[in-house]
Each structure stands twice: as C-alpha cells, then as structure tokens.
Amino acid sequence: MARAVAGPEIERLVQLLARVPGLGPRSARRAALQLIKKRDSLMAPLAGAMQEVLGKIETCPVCGNLDVRSPCLVCADPTRDPTLIVVVADVSDLWALERAGAMNARYHVLGGTLSPLDGIGPDELNMASLAGRVRQPTAGGGTVAEVLLALPATVDGQTTAHYVTELLRETGVKVTRLAHGVPVGGELDYLDEGTLAAAIRARTAL
Ligand SMILES: [Zn+2]
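Given the structure is predicted, the values throughout are model-derived calculations rather than measurements. (Residues numbered from 1 in each chain as written. Predicted model: local features only at pLDDT ≥ 70, side-chain atom pairs only at ≥ 80, totals over all residues. Heavy atoms only, no water.)

Student: Lay out the overall build of the chain in plain terms, naming residues and giving numbers.
Tutor: Scanning the chain from N- to C-terminus turns up 8 helices and 6 strands. N-terminal to C-terminal, the α/β element order of the chain is α-α-α-β-β-α-β-α-β-α-β-α-β-α. Dimensions of the chain, computed from the C-alpha atoms along their principal axes, are close to 65 × 45 × 35 Å. Counting only residues that meet the buried cut, the chain has 27% of its 206 residues in that class. For the chain, the share of sequence-separated contacts (at least 6 apart) that also reach a separation of at least 24 residues comes to 48%. Roughly 13900 Å² of accessible area belongs to the chain as shown, and the carbon and sulfur atoms make up 58% of that amount. (Helix = DSSP H or I, 4+ residues; strand = E, 2+ residues; numbered from the N terminus. Buried < 20%, exposed > 50% of the residue type's maximum accessible area, 1.4 Å probe, protein only. Contact = heavy atoms within 4.5 Å. Areas by Shrake-Rupley, 256 points an atom, 1.4 Å probe, with all protein chains shown as cover.)

Student: I'd like a description of the pattern of salt bridges, backed by residues and values.
Tutor: A complete count under the given rule lists 6 salt bridges for this structure. Across the pair Arg80 and Asp77 runs a salt bridge, and its minimum N-O distance is 3.6 Å. On the basis of relative accessible area, Arg80 is assigned to the buried category, the value being 10%. (Salt bridge = Lys/Arg side-chain N within 4 Å of Asp/Glu carboxyl O.)

Student: Summarise the UniProt feature "domain: Toprim" (unreviewed entry) in the chain; cite the residues concerned and give the values.
Tutor: In the numbering used here, UniProt assigns the feature "domain: Toprim" (unreviewed entry) to residues 83–183. Structurally, residues 83–183 comprises 33% helix and 18% strand, and the distance from its first C-alpha atom to its last is 28 Å. (UniProt positions renumbered as here; feature names shortened; annotations may be inferred.)

Student: Before we move on, could you go through the coordination of the zinc ion and cite the residues and values that matter?
Tutor: Coordination of the zinc ion by the protein involves Cys60 (SG), Cys63 (SG), Cys72 (SG) and Cys75 (SG), with metal-donor separations of 2.3 Å. In this structure, the zinc ion is coordinated by 4 donor atoms arranged in tetrahedral fashion, with angles at the metal of 103 to 115 degrees. Mapping the donors of the zinc ion onto the primary sequence yields the spacing C-x2-C-x8-C-x2-C. Both residues of the pair, Cys63 and Cys72, count as buried. (Donors = N, O, S within 2.8 Å, 3.2 Å for Na, K, Ca; no water. Tetrahedral: all angles 85-135°; square planar, octahedral: opposite > 155°, others 65-115°.)

Student: Now, about the nonpolar core: what can you tell me, with residues and values included?
Tutor: Val87, Val147, Leu149, Leu151 and Leu168 are the most contacted members of the largest nonpolar core, which totals 18 residues. Mapped onto this core, the elements with two or more residues apiece are strand E3 (84–88), helix H6 (128–135), strand E5 (146–150) and helix H7 (155–169). Discounting residues that sit within four places of it in the chain, Leu168 has contacts with Leu130, Ala131, Val134, Val147, Val173 and Val175. Within the second largest apolar cluster, 16 residues are counted, among which are Cys63, Cys72, Leu84 and Val86. (Core = buried A, V, L, I, M, F, W, Y, C linked by side-chain atoms within 4.5 Å.)

Student: A description of the pairing of strand E6 (residues 174–177) should follow, citing residues and the corresponding values.
Tutor: With 4 bridges connecting them, E5 and E6 associate as parallel partners. Bridge pairing in E6 places Val147 opposite Val175. The parallel pair E5 and E6, bridged by H7, forms a crossover whose chirality is right-handed. (Pairing = 2+ DSSP bridges. Right-handed = clockwise from strand over helix to strand, strands pointing away.)

Student: So, the sheet that holds strand E4 (residues 106–109): which residues are in play, and what are the values?
Tutor: Taken in spatial order, the 4 strands make up an open sheet running E4-E3-E5-E6, and their pairing is parallel. Both edges of this open sheet fall to E4 and E6, since each of them pairs with a single strand only. Averaged over all adjacent pairs, the angle separating strand axes in this sheet is 25 degrees, with direction ignored. The strands that helix H5 (residues 91–100) touches are E3, E4 and E5; relative to E4, the one it contacts most, it runs at about 155 degrees. H7 contacts E5 and E6 of the sheet and is inclined by roughly 165 degrees relative to E5. (Axes fitted to C-alpha atoms, helices over the stretch in contact; angles between N-to-C directions.)

Student: With reference to specific residues and values, describe the packing of H6 against H7.
Tutor: Viewed as axis vectors pointing N to C, H6 and H7 meet at an angle of 45 degrees, and their least axial separation amounts to 10 Å. In this view, H6 runs oblique relative to H7, as classed from their interaxial angle. Remark: the crossing between H6 and H7 carries right-handed chirality. Between H6 and H7, the residues in contact are Leu130, Ala131 and Val134 and Val164, Leu167 and Leu168, respectively. (Parallel < 35°, antiparallel > 145°, perpendicular 65-115°, else oblique. Left-handed = near helix turned anticlockwise from the far one by under 90°.)

Next up, the structure:
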C-alpha cells in the first residue's frame, strides 16, 4: 500500500475535489496541488468566492433557476421576451442555451426529468407552477404565446415532454420542441442511427 504523502487536510481536499463532475481522482490531485502552489492568487480567492456564493444561493421562486438573487437575473431582466418560456430539465441546460445566444426568452427549470423507475414523478419536479405561469398575463399585459420544450433526447426526456404537453393542453398555448438532427460540423458517417433517422424525419425544404 502506498504511504500518504500529505496530511489528512490535503487528502480531504483531494477527495472533495474528486467529487466535482469532470474531475477524477487524478485530476483532483493535480487541481489540489495547483491550488496549494497558487494559494494566494488562486486558492484564497476561490475559497472566498465559494463562501460568498454558498451564503447567497437561492432557487428562483418563479422559474427554478439557481442564482444569488431572487427572483433570478433571468426573470428580473425586463428586456427578455415574456411571451416565450423555454422548459429545461436542469440549470446546466439553461446555461448552455444562453451560451448559444439564439433566444431572448424566459425559462422554466424542472430540476430533472420524469423517471418512474427512479421514483421521480411530477411532484418531485418543478411542474406545478408552469401552467400558472402560462395563464398569467405577462409584465407587458400580453400572454405567453409559446412554450419551447428543450428537454433531453432520452426516453425520460420524451416522457417528460409528453407530460408537459398534456399539462399545458387546456391553456391553449403553442407547445414546440427542439429539432433533433445532424450537429453543426457533424459528419454523417459518425452519427448514430437514431440521430440520422430523426434528422431525416425533420428534414426541411431549401
Ligand atoms: Zn427565475
């Protein structure tokens, strides 16, 4: 058995870092060492930033987003189109869509997808308030015109999309979903059959 090369406090730092998604034990060790070496320029500000966010983080009561203010920055932004609500499974999806910069919408974060096998039903997700949001007049006195379901292209994602569509049926709002297909820069040869079949079904005229 290898002998410990650092004290238990450092070992604990490595173990905690290894639990961050994307960091395995090896990367965690490397990250810990960098933090230790750059303790003034990196570790101290990082520890401070984490402490600050930890004390302020809240779940937005309107949309379910995570932010240090409530309502969140997205909900509080008056320049966003109030007539389009994009439904996402997770905050990471909201961030990804915002990085694409293709929409100026508001969001509704479900906090996961329906998964009967894992015991995740509608009550475990941020579902109940969605229909109410759609029915409510927007800030400008208009109405929500469209709900875009930007959910994962998985079985659970499809189940969730179906459920949300049924949930919103009585509101009469237009419900759309993201297209599935060939990724930008994607070689057809490398795509799986499911993606290719979806792209063929969703073909558009030029
Ligand atoms: Zn919000």
